[in-house]
Amino acid sequence: MTGGIAKVVIFSFTERGTKQNRYIYRKLKMQGYICEGYAPAKYVMGEEGGVKQLPKKKEDLIRERWGKWAFLFIGAAGIAVRYIAPYVKDKFTDSAVVVADEAGQYVIPLLSGHVGGAAELADQIANLLGAVSVHTTATDVRKKFAADVFAKKNALYITDREAAKRISAAVLDGELIGIYAQGDHAENAVKNSKEMFSDEVCICNTIEEVMKYRVILADSFPAIDENTLLLKPKNIIVGLGCRKGISEELLEKGLLEILKKNHLDMNQIEALVSIDLKKEEPAVVSLAEKYKVPFLTYSAEMLNEVEEVSSASSFVKKITGIDNVCERAAVTYCKKHCEYFELIAGKSIETAMTAAIARRNI
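Residues numbered from 1 in each chain as written. Predicted model: local features only at pLDDT ≥ 70, side-chain atom pairs only at ≥ 80, totals over all residues. Heavy atoms only, no water.

A. Here's a closer look at the nonpolar core. Core analysis: the biggest nonpolar cluster contains 25 residues, and F145, F150, L217 and L231 have the highest contact counts within it. Secondary-structure elements contributing two or more residues to this core are helix 6 (147–153), strand 8 (156–158), helix 7 (161–172), strand 9 (177–181), helix 8 (184–191), strand 11 (213–217) and strand 12 (228–233). Of all hydrophobic cores here, the second largest spans 24 residues; its members include L240, L272, F295 and A345. (Core = buried A, V, L, I, M, F, W, Y, C linked by side-chain atoms within 4.5 Å. Buried < 20%, exposed > 50% of the residue type's maximum accessible area, 1.4 Å probe, protein only. Helix = DSSP H or I, 4+ residues; strand = E, 2+ residues; numbered from the N terminus.)

B. Quick look at the environment of G67. Of note, G67 is situated in the loop between helix 2 (58–65) and strand 4 (70–74). Once the C-alpha coordinates of G67 and K89 are considered, the two residues, 22 residues apart in sequence, prove to be 9.9 Å apart. Ignoring anything within four residues of it in the chain, the contact list for G67 reads T93, D94, S95 and K292. (Contact = heavy atoms within 4.5 Å.)

C. Broad picture of the sheet that holds strand 15 (residues 295–298). Strand order in the open sheet formed by five strands is 15-14-13-17-16, with mixed pairing between adjacent strands. A strand with exactly one partner marks an edge of an open sheet, and here the two such strands are strand 15 and strand 16 (340–350). Between one strand axis and the next, the sheet turns by 25° as a mean value, whatever way the strands run. Sheet topology places strand 13 (residues 236–242) next to strand 14 (residues 269–275); four bridges connect them, and they run parallel. Each residue of the ladder has a partner; that of V238, found in strand 14, is L272. Across the sheet, helix 9 (residues 248–261) touches strand 13, strand 14, strand 16 and strand 17 (353–361), and the angle it forms with strand 17 is around 45°. (Pairing = 2+ DSSP bridges. Axes fitted to C-alpha atoms, helices over the stretch in contact; angles between N-to-C directions.)

D. Region of interest: the packing of helix 9 against helix 10 (residues 282–291). Where helix 9 meets helix 10, the closest approach of the two axes is 9 Å, and the angle between their N-to-C directions is 65°. The two elements helix 9 and helix 10 cross, and the hand of that crossing is right-handed. Taken together, the residues of helix 10 that come into contact with helix 9 (itself represented by E248, L251, E252 and L255) are A283, V284, S286, L287, K290 and Y291. When its residues are assigned to classes, the contact of helix 9 with helix 10 shows six nonpolar, one polar and three charged. (Left-handed = near helix turned anticlockwise from the far one by under 90°. Nonpolar A, V, L, I, M, F, W, Y, C, P; charged D, E, K, R; others polar.)

None of the figures reported here should be taken as evidence of function without further support.
Laid out in structure tokens, this is it:
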């Protein structure tokens with residue numbers, strides 16, 4: 001699976017294009033994607049073909065999935081542009097949009113190439129078709145360092161979009177920029193990504209070494225000016241517990257307060273986790289969708305495998321069978337997905353909700 005993209009909508013408009021639609025649909029499904037294929041009714045071959053009839057209100061389908069799914073248009077780029085035009089906002093929130101010609105010769109990442117993963121998805125589809133992936137982004141074409149690509153590869157998030165643009169412009173103008181890493185996660189990101197650094201990038205050992213344009217990788221850093229881009233690790237796992245029927249506003253307010261006390265913010269969250277009783281809790285599901293983070297749940301039996309917790313609640317245990325849902329959930333996720341981790345905040349209580357925080361260490 002590519003760049004975090006897990007869901008792809010595929011549109012085609014001709015008989016030949018729909019053959020490509022069915023082929024790509026099958027191949028992506030085999031690789032673990034969730035796919036939806038759509039084409040005019042006369043080219044649809046029933047459910048077994050994996051492609052459904054184009055809905056009458058295509059704009060509703062696109063609007064509902066915008067920012068959550070990627071889109072592949074098999075046909076003219078102009079068709080894709082007209083379909084998506086009402087929903088385009090910026091590359092940090094837009095869906096990845098890819099265009100392929102019906103002959104399977106060229107594949108173009110049209111929108112959200114780096115942050116959304118369209119460039120990687122285009123490369124993958126081109127590989128499936130034996131096509132040429134056509135990149136038009138300046139940093140790609142000239143093989144220069146791009147802060148957004150570096151951030152995405154290393155599970156970092158960009159705290160200042162304008163600063164990121166200024167750094168990309170500086171690199172393209174041939175100016176020297178410096179990268180300074182603070183903390184294990186940041187240092188490993190630099191060490192593991194040296195092949196991404198063009199001649200304009202200088203790896204610095206101290207703040208004093210960093211030149212006019214700077215990239216600092218850290219959980220937190222003081223005195224950031226307009227020429228500094230701070231990249232924060234997206235390596236925080238939040239275990240959640242909450243009262244049934246809690247409002248999304250109250251849940252979000254409580255979580256933000258707990259994160260603030262630990263000098264963290266929502267953009268650093270890798271995953272939200274809880275007990276399976278909360279699998280369909282509307283507030284948690286909505287919060288996960290709002291911040292585009294996965295929400296995973298575990299059975300009471302699995303959570304009870306955690307040997308120690310910082311506190312226990314007999315009331316919670318009576319309801320859920322677990323004495324501390326949030327802390328056990330955070331630790332359970334880490335044991336399954338992280339080679340190294342630390343619980344940086346045990347069970348913390350806010351109105352009608354609790355949260356525990358773990359950090360993945362690289």
